[in-house]
Amino acid sequence: MKKKLLSSLTLAAMLFLAACGNGATSESTSSSESSQSSSSEEVVTGASEQQYTDPAEMKDSYDIIIIGSGGAGMSAAIQAKDAGLNPVIFEKMPVAGGNTIKSSAGMNASQTKFQEKEGITDSNDLFYEETLKGGKGTNDPELLRYLVDNSSSAIDWLDSMGITLDNLTTTGGMSQKRTHRPTDGSAVGEYLVAGLLRNLYDRKVPLFVNSDVVKITEKDGKVTGVELVLNGKDKKTISAKAVVIATGGYGANMDMVKEYQPQLDGFVTTNQSGSTGDGIKMAQELGAATTEIEAIQIHPTVEQKTSMLITEAVRGEGAILVSQAGTRFFNEMETRDKVSQAIIGLPEKYAYLIFDASLKDRVKAIAFYEKQGVVESGETLEALAEKIGVPADALKTSLENWNGSVESGTDSEFGRTTAMENPLATAPYYAIKIAPGIHHTMGGVKINTNTQVLKEDGSVINGLYAAGEVTGGIHGQNRIGGNAVADIIIFGRQAGTQSAAYAKE
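Basis of the calculations
- Residues numbered from 1 in each chain as written.
- Predicted model: local features only at pLDDT ≥ 70, side-chain atom pairs only at ≥ 80, totals over all residues.
- Heavy atoms only, no water.
- Pairing = 2+ DSSP bridges.
- Helix = DSSP H or I, 4+ residues; strand = E, 2+ residues; numbered from the N terminus.
- UniProt positions renumbered as here; feature names shortened; annotations may be inferred.
- 1 Å grid on protein atoms, 1.4 Å probe; cavity = no way out; pocket = protein on both sides within 12 Å on 5 of 7 lines; lining within 4 Å.
- Points joined across faces, edges and corners; volume = space filled by probe spheres on them.
- Nonpolar A, V, L, I, M, F, W, Y, C, P; charged D, E, K, R; others polar.
- Axes fitted to C-alpha atoms, helices over the stretch in contact; angles between N-to-C directions.
- Parallel < 35°, antiparallel > 145°, perpendicular 65-115°, else oblique.
- Contact = heavy atoms within 4.5 Å.
- Salt bridge = Lys/Arg side-chain N within 4 Å of Asp/Glu carboxyl O.
- Buried < 20%, exposed > 50% of the residue type's maximum accessible area, 1.4 Å probe, protein only.
- Polar contact = N/O pair within 3.5 Å; in protein donor to acceptor, adjacent residues only side chain to side chain.
- Core = buried A, V, L, I, M, F, W, Y, C linked by side-chain atoms within 4.5 Å.
- pLDDT = per-residue confidence, 0-100.
- Phe/Tyr/Trp six-rings, centres within 6.5 Å; stacked < 30°, edge-to-face > 60°.
- Arc of directions from axis to C-beta.

## Things to note about the sheet that holds strand S5 (residues 107-108)
Then comes step 1: The sheet built from three strands is open, its strands ordered S5-S7-S6 with antiparallel pairing. Of all strands in the sheet, those with a lone pairing partner are S5 and strand S6 (167-169), marking the two edges.
Then comes step 2: As paired elements, S6 and strand S7 (residues 179-181) share three bridges and run antiparallel to each other. Counterpart to Asn 167 in the pairing with S7 is Arg 181.

## As for the UniProt feature "domain: FAD-dependent oxidoreductase 2 FAD-binding" (unreviewed entry) in the protein
Then comes step 1: Summarizing the sequence annotation, UniProt attributes the feature "domain: FAD-dependent oxidoreductase 2 FAD-binding" (unreviewed entry) to residues 63-485 in the numbering used throughout.
Then comes step 2: The span residues 63-485 is 31% helical and 23% strand by assignment, and the distance between its end C-alpha atoms comes to 26 Å.

## A short note on empty space enclosed by the protein
Then comes step 1: If you walk through the whole model with that rule in mind, you get three cavities of 30 Å³ or more.
Then comes step 2: Quantified by volume, the largest cavity comes out at close to 650 Å³.
Then comes step 3: When residues of the lining of the largest cavity are traced back to their parent elements, those giving at least two are helix H3 (71-82), strand S9 (211-219), helix H10 (278-285), strand S18 (429-441) and helix H17 (483-504).
Then comes step 4: Here the residues of the lining of the largest cavity are counted per class, giving 14 nonpolar, 26 polar and nine charged.

## Comments concerning the packing of helix H7 (residues 151-160) against H17
Then comes step 1: Put simply, H7 and H17 touch, their axes get as near as 10 Å, and they point 85 degrees apart. Taken together, the axis directions place H7 and H17 in an arrangement best described as roughly perpendicular. Of the residues in H17, those touching H7 at Ser 151, Ser 153, Ala 154, Trp 157 and Leu 158 are Ile 489, Ile 490 and Arg 493.

## Concerning unusual backbone geometry
Then comes step 1: The residue after Ala 427, namely Pro 428, is reached through a cis peptide bond having omega 0 degrees.
Then comes step 2: Residue placement: Pro 428 occurs in the loop between helix H16 (392-408) and S18.
Then comes step 3: Notably, Lys 136 is not glycine yet its phi reads approximately 65 degrees, a positive angle.
Then comes step 4: Mapped onto the elements of the fold, Lys 136 is located in the loop between helix H5 (124-134) and helix H6 (141-149).
Then comes step 5: Of note in this structure, Ser 307 is not a glycine but carries a positive phi near 60 degrees.
Then comes step 6: Secondary-structure assignment places Ser 307 in the loop between strand S13 (296-303) and strand S14 (308-309).

## Concerning the pattern of salt bridges
For side chains of opposite charge, pairing can occur when their charged atoms come near one another.
Then comes step 1: Considering all chains together, one arrives at 21 salt bridges under this definition.
Then comes step 2: With a shortest N-O distance of 2.9 Å, Arg 416 and Glu 332 are connected by a salt bridge. A residue pair is termed long-range when its members are at least 10 positions apart, and Arg 416 in the loop between H16 and S18 and Glu 332 in the loop between strand S15 (320-322) and helix H12 (336-344) qualify at 84 residues. Comparing Arg 416 with Glu 332, the two get one shared label, buried.
Then comes step 3: Residue Glu 370 pairs with Lys 360 through a salt bridge whose shortest N-O separation is 2.8 Å. Taken together, the residues Glu 370 in helix H14 (residues 365-371) and Lys 360 in helix H13 (residues 357-362) connect sequence positions ten residues apart.
Then comes step 4: Classification of Glu 370 by relative accessible area gives partly exposed; the value is 32%.
Then comes step 5: For Lys 360, a relative accessible area of 22% corresponds to the partly exposed category.
Then comes step 6: Here the salt bridges do not stand alone but share partners, grouping Arg 328, Glu 332, Asp 411, Glu 413 and Arg 416 into one network.

## Details of the side chain of Arg 328
Then comes step 1: When you line up the elements, Arg 328 lands in the loop between S15 and H12.
Then comes step 2: Engagement of the side chain of Arg 328 in a polar contact is seen with the side chain of Glu 332, the distance being 2.8 Å.
Then comes step 3: Of the polar contacts made by the side chain of Arg 328, one reaches the side chain of Asp 411; its length is 3.1 Å.
Then comes step 4: Filtering out sequence-adjacent residues up to four positions away, Arg 328 remains in contact with Ile 320, Leu 321, Val 322, Ser 398, Trp 402, Asp 411, Glu 413, Phe 414 and Arg 416.

## Focus: the nonpolar core
Then comes step 1: Counting residues in each nonpolar core, the largest one holds 95 residues, and the members touching the most others are Phe 90, Leu 158, Ile 216, Val 226 and Ile 489.
Then comes step 2: Ignoring sequence-local partners within four residues, the contact set of Leu 158 consists of Met 107, Ile 163, Leu 165, Leu 192, Leu 196 and Ile 489.
Then comes step 3: Ile 320, Val 339, Ile 354 and Leu 359 belong to the second-largest nonpolar core, a separate cluster that totals 43 residues.

## Regarding the confidence of the model for the protein
Then comes step 1: Across the protein, the average pLDDT comes to 90, with 90% of residues at 70 or higher.
Then comes step 2: Between residues 1-49, whose pLDDT stays under 50, and residues either more than four places distant or in other chains, the model counts 88 contacts.

## Overview of the packing of aromatic side chains
Then comes step 1: For the structure on display, the rule yields eight aromatic pairs.
Then comes step 2: Ring centres of Tyr 250 and Tyr 260 lie 5.6 Å apart, and the angle between their planes is 55 degrees; on these two criteria the pair is classed as tilted. Of this pair, Tyr 250 sits in the loop between strand S11 (234-245) and helix H9 (254-260) while Tyr 260 is found in helix H9, placing the two residues ten residues apart along the sequence.
Then comes step 3: Exposure remark for Tyr 250: the relative accessible area of 0% places this residue in the buried category.
Then comes step 4: Judged by centre distance (5.5 Å) and plane angle (15 degrees), the ring pair of Phe 355 and Tyr 430 falls under stacked.

## Regarding the environment of Ser 61
Then comes step 1: Among the structural elements, Ser 61 can be located in strand S3 (residues 61-67).
Then comes step 2: Along the chain, Ser 61 and Thr 237 lie 176 residues apart, while their C-alpha atoms are 8.8 Å from each other.
Then comes step 3: Those residues within four positions of Ser 61 in sequence are excluded, and the remaining contacts are Ile 238 and Ser 239.
Then comes step 4: A distance of 3.1 Å separates polar atoms of two side chains, one belonging to Ser 61 and the other to Ser 239.

## Let's talk about the environment of Ala 365
Then comes step 1: Residue placement: Ala 365 occurs in helix H14.
Then comes step 2: Distance from Ala 365 to Gly 185, taken between C-alpha atoms, is 8.1 Å for residues 180 residues apart in sequence.

## Quick look at H6
Then comes step 1: Buried within H6 are the following residues: Leu 143, Leu 144, Leu 147 and Val 148. Down the axis, H6 shows its buried residues gathered within 130 degrees of arc, on one side only.
Then comes step 2: Of the surrounding elements, those touching the buried residues of H6 are H5, H7 and H17.
Then comes step 3: A distance of 3.0 Å separates the backbone nitrogen of Glu 142 from a side-chain oxygen at the start of H6, and that oxygen is part of Asp 140.

Structure (structure tokens):
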């Protein structure tokens, strides 16, 4: 017997909000699941209902154990299964998806068939250079090279499984449209998780939730499996030939955040509550090295009452930022670290995203934000200004100046060069009040391009692999928007391929 998953729409709504760790999907609330599922039968991707694996079906041994059910873990499992192995996923939370389901902007990739179709001239080298610049030159060059060179094939791989990311936009620090979204322009996370879950189910890959891995076991220098706690009480030891850590970062562990970046004490976090650094700690117990561990990214556009991240695609489609004075103050399409610091530097330490009805139609996620009550609107700029308490004349002048910049193709105020294709001139007008929040931990376990976990001396921990936000080095000191999804898919695939090859030895 297997348990029903919530539809991807219901999951996304739960995980976008703060209380994602205590959703009604635990073992004791199956009746609640049924009522929620029946009221939201339509799955956004068109996928059939997915299922978690009944705990009674858990075996004592698998070829490969994957810890974590975000995009990296699911990609690894699919790849390992297709290589002929018998993988399993253990997820400590009551729902699958991790931080991936909260991803919004899209997946960066260069030299793709979808770029070619739109006549976009891009290159892996340009993708590399812009990511390196965004990371302040501290990215691991080999990992970054692997990321960009395998990005196009990852888009093709997803497309081959019915996960099509063919709608293109731009994120801060990128000069080309290389951020790939679902066809309708909606947030990528919900769609991606639903598609990966569907493919796991089709391949009969077991996925156990409420299965908290607390230790990775080893013997004679080789990983042998894991110890886990099922449903908060039952301890089990499961053996495997290889283990993949895909547990995400530590952005929801405020003790770790304050340890590495004390100045972030008091910031809200966009992370789901399971992102507590467990995988990093377990790897360290086996002697794993870490890199850039103190590197934490704050995202500039976070709604503070709900901790809801407002997708970078809003700016990527042409929105501007204004202060409480109603004026622009920075290049909105600069890298996240720079935009965040510009907002923090304002007297009020917050700002407003300003956009129009035309942009709202292009970014489907805005409809979700409206339902959550975080969007203000006005039939005129004067009405909007009154709603948010900014000087109407200043706001009107800011929009007029901006629209003039769009028309001329030159932003004489702040030098913005991207996301200038569309003016903000179609009523109604909208605003979202935002400020920076903890978003992504760039540092983590040190790996090589085969996703093998490394010790301080550079030697590998035999049988141990890692992918996704649990690792460090790929993004350097600052991650470019859209590169997290690229990271989890590209290196998740690689972890599945390499762990499968090792398990066959």
